[in-house]
Amino acid sequence: MFGRFSSAARTLTRASTSRVFVPPPQVVVGAKFFSSTPPPVDTITVTVDGSPVEIPKGSTVLHACETAGVEIPRFCYHQRLSIAGNCRMCLVEVEKAPKPVASCAMPAMPNMNIKTTTPLVKKAREGVMEFLLANHPLDCPICDQGGECDLQDQAMVFGSDRGRFVETKRGVEDKELGPLVKTVMTRCIHCTRCVRFAKEVAGVEDLGTTGRGRDTEIGTYVSKLFRSEMSGNVIDLCPVGALTSKPYAFTARSWELKKTESVDVSDALGSNILVDTKGTEVMRITPRLNEEINEEWISDKARFQYDGLKRQRIDVPMAKAAGGLAAVSWEEAFEKIAEAVSKASKDEIKGIAGKLADAESIVAMKDLLNRLGSGNHMCEGFPTLGADIRSSYLMNSSIVGVEDADAILLVGTNPRVEAPVLNARLRRACLSTGATVANVGSPLNLTFPVEELGMGAATLKELDAQSHPFFKTMKEAANPMIVVGAGLVGREDGLALLQTLHSLAEKTGVVGEGWNGFNMLHDSAGRVAGLDLGFLPSESAKKAAAKVVFLLNSDDFDEADVPADAFVVYVGSHGDKGATRADVILPGAAYTEKSSTYVNTEGRPQRTKAAVAPIGQARDDWTIVRALSEVLGASLPYDDLNAVRARLAEVAPHMERTTEVEPSTWLNGSTYAHIPAGTTSDAPFTSSVANFYMTDAVSRASVTMAKCTSTKLT
Amino acid sequence: MAIRRSMFHCAQLIRKSALASSSVPQTASTALKVQSAAVPIFQQRRWYADILNQHRDTPTNNSALAFEFTEKNMPKVNEIISHYPSNYKQSAVIPLLDLAQQQGNGHLTVQAMNKVAEMLEIAPMRVYEVATFYTMFNRTPVGKYHVMVCGTTPCMIRGSREIEAALAAHWGIKKGQTTPDGMFTLGEMECMGCCVNAPQITIADYTKGADGYTYNYYEDLTPESAIKIVDQLKKGETPKVGSQIRETCEPVGGLTTLLEPPPGPYCRDLSQA
């Protein structure tokens, strides 16, 4: 944000008076719609610095200036938060207005003549800046925001080179908000962005403005931690160094960092991130704008689990020896595996893909197993789910589509811990468009009102039998939606429950013309790719007892899937549950160290980029499988990333079109019609995520996440 | 350095002339004079609020405690809430906090704020914001009588500082403190809007709970009459409310102008209009 801003701002000071006319951007949120004509928008024309611009009716003066390509300095204004208008930095001159106006809060009127380069504006900005700096400590050299600070940048561009304030500056007590957000409240300029974020987006009204006048403080008043799964976003929002990252404190300067655009794998949303690295180390992770997925937020786990990338890492191949695991060479490790594989036949060789498995390694593993004559491959977490019909395991409405829903039924899911960013969208749907949200399963606290219908299968059957009042709500809704959690799919009776849910979806019009509200919310990044690639056991393999098991990043496997006498090979990055069980460990790269494809819960393939090199002898997971195939006598026909991706596209063509969502076909419940109705258990539906901060091998290795867990932030 | 010296010189001059023209009694201005002589004007110390805007738990004031409005006050609570539409319940926050403060003998505790938040279905933080913004909410305990001296310009010119100094000396406490017997807290307030009868003090009486709560102005004071009023209160007597020397705000020495009926032209006879 800072880079974009300051360069534009500097251009502004060089001041070309003629502005290029920029037509208003067409709104294309939610991407490809069938209609090509945008809805008619009433527009008005205003003049900004002499050039006319056309803007939608109801826009602010600030929006008019931005449309005209004039950058207006601001602190309190943020396009995703409500307008506060309290920093006064965005003052501009409007003809016939008696005094400078705060452009962020002033509605633009037809034929308004807005001036942003006049001496009045310059003086107003200088004055505001002087007031802001009066009580701001001049500690930029020891401030973590230094180099990416809005106040620093704007003071350079719009401020005076001297101040008249000679009295003592005020001091403000620092607040304890938990292990993630560090506070230096003396630096605060009271823009209230954090307060508005907490109230409007996170839905945790713990932050506020206390006191008045010079004694105003931002804080919690009573001693209280900031209990949100999205609390880290206030660090990005804070225009000064008042709220900074605690784990990142004093570790790097922003200009030393190399930024790599990547994708988060801590949940199934695939939030877009920037991985900031210094040398060979990941220093921090920040969000990257993607309107269709995460807007500009990420969860605390996505942001702060990076210290887990430096701990518990497997950096050399290992094999079980007399005294436990011992480091071996790649050749020795492969030989041991080859020996074990030679003793097993066909379906007795098994592969399990875990939460962090990427598409490239899944397809390589699948090809290898198939070449060895085995169809025994599975994804952990959903023993019974089929992948025949894509729409039965995707979030069909897309993430953006959640906001169009007007009646939402959550089944066996807790989006607040499974996908906090999605929960923020659900919250918006509930609070701003008035969607009714109901839950079947353990009671939830989602930061917005949720109607609790019941605990389990009985309620679901009642809904399906149309005897529950919420059936009517769904039936009457224009865009009803069902969100099925991974916790439900992972149950033994998951299939029978899904059958009921499909029947309910049919009856309530969850799937209709131009709308498919049947959504599955997965709980981890590797799930959908596994299903898309058909990483599921063949009929014959279901009966086979495995003798060799390949755990591909699999740490949360079901014990029953790995027989006690099986020879276990773990391919992965962290010494977690999978590695503990393994006979041979092959060191894989973590998600920041490889360029690989992940498919998010709505079926959108996205690629991570290698930000740093894999540690030690670790390698990209698919290259390990490729090398192993040679030793096992079943060489895979691809030698580089492009070739493996070509193979990926052969199996699942949509994986080539990254960042796009391939719409899936809905087969009108016939997906499940042929399955004999199983019995359902009375056990209550629960979320698959018990502790938001520790869900996979990386977050379990993270000290920061452990601190969050121990302070019981949830 | 030259600039500093000349500024200092100016400051000295200003101060001298101010003292020369000052009509304040010598005793009361001594403290002021000593302080300003020691600190040059351009480095004068800033005054900070004596009340924190951050809560500190005490045994009687913390979120773990429960607060309930008394049965006697509940009709008042319901009455207050009934004044506002049910979807704008939060509008009742200030009157409810005021009532809670009266019930709490002038002390608005954090548990009372939590209770108000719960009743109005808003986040506690939103109540804390209101309670810390308004200085009439006492987040630290006060005495049975909260005596607030007006500190704004008209009262100050008419001698409010002397009244404050006299009260402080009478009780042996400083501004913001409470007398050892818990009877009086000396505070300051900004303009109370009766400048015509300056100087004045306001006394909030918390001795009789929310029912007998009074919030009275005592106007046209001198240090002596201010002390007389608080002493009367201490004895359980009821001092005269309002101006101490006249009926309302008429001229003290009787009317000096407009003594005879005003000359014409008069208003036309409206009945003929």
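None of the values given here were measured: they were computed from a predicted structure.

S.K.: Hey, could you run me through the domain arrangement of chain A in this one?
M.R.: Size of an interface: often given as the accessible area lost when the parts come together. Residues and elements named next belong to chain A. We note that the domain assignment places domain 1 (7-245), domain 2 (318-382 + 538-656) and domain 3 (394-521) within chain A. Inter-centroid distance (C-alpha atoms) of domain 2 to domain 3 is 34 Å. Taken together, the contact pairs 6 residues of domain 2 with 8 residues of domain 3. Of the roughly 540 Å² buried where domain 2 meets domain 3, counting both sides, 59% is carbon and sulfur surface. At the surface where domain 2 touches domain 3, the tally comes to 0 salt bridges. Remark: the boundary between domain 2 and domain 3 carries 3 residue pairs in polar contact (both at pLDDT 80 or more). Classifying every residue of the side of domain 2 that touches domain 3 by side-chain character gives 1 nonpolar, 4 polar and 1 charged.

S.K.: Would you explain the interface of chain A and chain B in this entry?
M.R.: The interface is formed by 26 residues belonging to chain A together with 21 residues belonging to chain B. With both chains or domains summed, chain A and chain B bury close to 2,200 Å², and 47% of this area falls on carbon and sulfur atoms. Ranking the residues of chain A by area buried against chain B places Arg212, Arg214 and Tyr221 of chain A at the top, with a combined share of 34%. Seen at the junction of chain A and chain B, the total is 2 salt bridges. Across the pair Arg126 of chain B and Glu205 of chain A runs a salt bridge, and its minimum N-O distance is 2.4 Å.

S.K.: For this particular structure, what's the right way to read the domain arrangement of chain B?
M.R.: Residue and element names in this part refer to chain B. Split into domains, chain B comes out as domain 1 (74-133) and domain 2 (145-243). Just the C-alpha atoms count here: the centres of domain 1 and domain 2 sit 27 Å apart. Taken together, the 6 residues of domain 1 in the interface contact 5 residues of domain 2. When the two sides are added together, the surface that domain 1 and domain 2 hide from each other amounts to roughly 500 Å², 53% of it contributed by carbon and sulfur. Considering only the side of domain 1, the residues that lose the most area to domain 2 are Lys76, Gln102 and Asn105, jointly responsible for 72% of the buried surface there. Viewed at the interface, domain 2 and domain 1 are joined by 1 salt bridge. Our count for the contact surface shared by domain 1 and domain 2 stands at 3 residue pairs in polar contact (both at pLDDT 80 or more).

S.K.: It is not clear to me how helix H20 (residues 641-651) of chain A should be interpreted in this structure. Could you clarify?
M.R.: Residue and element names in this part refer to chain A. Listed as buried for H20 are Val644, Arg645, Leu648 and Ala649. For H20, the arc enclosing every buried residue in end-on projection is 145°, short of the 170-degree limit, so these residues lie on one face. Buried residues along H20 sit in contact with helix H9 (359-371), strand E27 (597-599), strand E28 (605-607) and helix H19 (621-631).

S.K.: What exactly am I supposed to notice about the pairing of strand E15 (residues 349-353) of chain A here?
M.R.: A regular strand carries its side chains on alternate faces of the sheet. Residue and element names in this part refer to chain A. Most of E15 sits out of view: 5 of its 5 residues are buried. Taking every second residue as pointing to the same face, both faces of E15 are buried, with Ile349, Gly351 and Ala353 on one and Lys350 and Ile352 on the other. Sheet analysis places E15 next to strand E24 (residues 548-552), joined by 5 bridges and oriented parallel. Pairing of Gly351 across the sheet is with Phe550, part of E24. Strand direction decides the pairing type here: E15 and strand E16 (residues 377-379), joined by 3 bridges, are parallel. Note on E16: the bridge partner recorded for Gly351 is His377. Considered for its hand, the β-α-β crossover made up of E15, H9 and E16 is right-handed.

S.K.: What am I meant to see in the sheet that holds strand E11 (residues 272-278) of chain A here?
M.R.: The strands making up a sheet are joined through hydrogen bonds of the backbone, oriented either antiparallel or parallel. All names here are of chain A. The strand order across the open sheet built from 3 strands is E10-E11-E12, with neighbouring strands paired in antiparallel fashion. Of all the strands in the sheet, just strand E10 (258-263) and strand E12 (281-287) have a single pairing partner and so form its edges. Pairs of neighbouring strands in the sheet enclose a mean axial angle of 30°, with direction left out of account. The sheet contact formed by E10 and E11 spans 6 bridges and is antiparallel. Considered in E11, the bridge of Thr260 is made with Val275.

S.K.: I keep staring at the nonpolar core and nothing clicks. Help me out?
M.R.: Burial of nonpolar side chains together is a common tendency in soluble globular proteins. All names here are of chain A. Core analysis: the biggest nonpolar cluster contains 96 residues, and Val46, Val48, Phe75, Ile114, Phe197 and Ile408 have the highest contact counts within it. Structurally, this core is a two-domain feature, drawing no fewer than three residues from each of domain 1 (7-245) and domain 3 (394-521). With sequence-adjacent residues up to four places away left out, Phe75 is seen in contact with Cys87, Met89, Met129, Leu132, Asp150, Leu151, Gln154, Ile189, Cys191, Arg193 and Pro239. Leu372, Cys379, Leu409 and Phe471 belong to the second largest nonpolar core, which has 83 residues in total.

S.K.: What is the right way to look at helix H9 (residues 223-234) of chain B in this model?
M.R.: Because an α-helix packs 3.6 residues into every turn, residues spaced three or four apart end up facing the same way. All names here are of chain B. Here H9 contains 12 residues, and its C-alpha end-to-end distance of 17 Å stays within 8% of the 16 Å for a straight helix at 1.5 Å per residue. In the core, the buried residues of H9 are packed alongside strand E1 (145-150), helix H8 (160-171), strand E2 (184-189), strand E3 (201-205) and strand E4 (214-219). Directly beyond the C-terminal end of H9, a positive phi value near 90° is found at Gly236.

S.K.: Is there a simple way to explain the confidence of the model for chain B in this structure?
M.R.: Atomic detail in the predicted coordinates should be set aside for any region of low pLDDT. Residue and element names in this part refer to chain B. Per-residue confidence for chain B gives a mean pLDDT of 84; residues scoring 70 or more make up 81%. Below a pLDDT of 50 lies the segment residues 1-46, which in the model reaches 28 contacts outside its immediate sequence neighbourhood of four places, other chains included. We note a pTM of 0.87 for the whole complex and an ipTM of 0.86 for its interfaces.

S.K.: In this structure, what is going on with the UniProt feature "domain: 4Fe-4S His(Cys)3-ligated-type" (unreviewed entry) in chain A? I would like to understand it.
M.R.: In this structure's numbering, the residues bearing the UniProt feature "domain: 4Fe-4S His(Cys)3-ligated-type" (unreviewed entry) are residues 120-159 of chain A. Between the end C-alpha atoms of residues 120-159 of chain A there is a gap of 14 Å, over a span that is 60% helix and 0% strand.

S.K.: What is the right way to read the pattern of salt bridges from this model?
M.R.: Close approach of charged atoms allows side chains of opposite charge to pair. Residue and element names in this part refer to chain A. The full count for this structure, using the stated rule, is 62 salt bridges over all chains. Note that Glu261 and Arg288 form a salt bridge whose closest N and O atoms lie 3.5 Å from each other. Residue Glu261 is located in strand E10, and its partner Arg288 is located in the loop between E12 and helix H7 (300-304); the two are separated by 27 residues in the primary sequence. Classification of Arg288 as buried rests on a relative accessible area of 18%. Connected through shared salt-bridge partners, Arg80, Glu291, Glu295, Glu296, Glu403, Arg425 and Arg428 make up one network.

Rules behind the numbers
Residues numbered from 1 in each chain as written. Chains lettered and ligands numbered in written order. Predicted model: local features only at pLDDT ≥ 70, side-chain atom pairs only at ≥ 80, totals over all residues. Heavy atoms only, no water. Domains from an automatic or database assignment. Contact = heavy atoms within 4.5 Å. Buried area = accessible area lost by both parts, 1.4 Å probe. Salt bridge = Lys/Arg side-chain N within 4 Å of Asp/Glu carboxyl O. Polar contact = N/O pair within 3.5 Å; in protein donor to acceptor, adjacent residues only side chain to side chain. Nonpolar A, V, L, I, M, F, W, Y, C, P; charged D, E, K, R; others polar. Buried < 20%, exposed > 50% of the residue type's maximum accessible area, 1.4 Å probe, protein only. Helix = DSSP H or I, 4+ residues; strand = E, 2+ residues; numbered from the N terminus. Arc of directions from axis to C-beta. Pairing = 2+ DSSP bridges. Right-handed = clockwise from strand over helix to strand, strands pointing away. Axes fitted to C-alpha atoms, helices over the stretch in contact; angles between N-to-C directions. Core = buried A, V, L, I, M, F, W, Y, C linked by side-chain atoms within 4.5 Å. Expected span 1.5 Å × (residues − 1). pLDDT = per-residue confidence, 0-100. UniProt positions renumbered as here; feature names shortened; annotations may be inferred.

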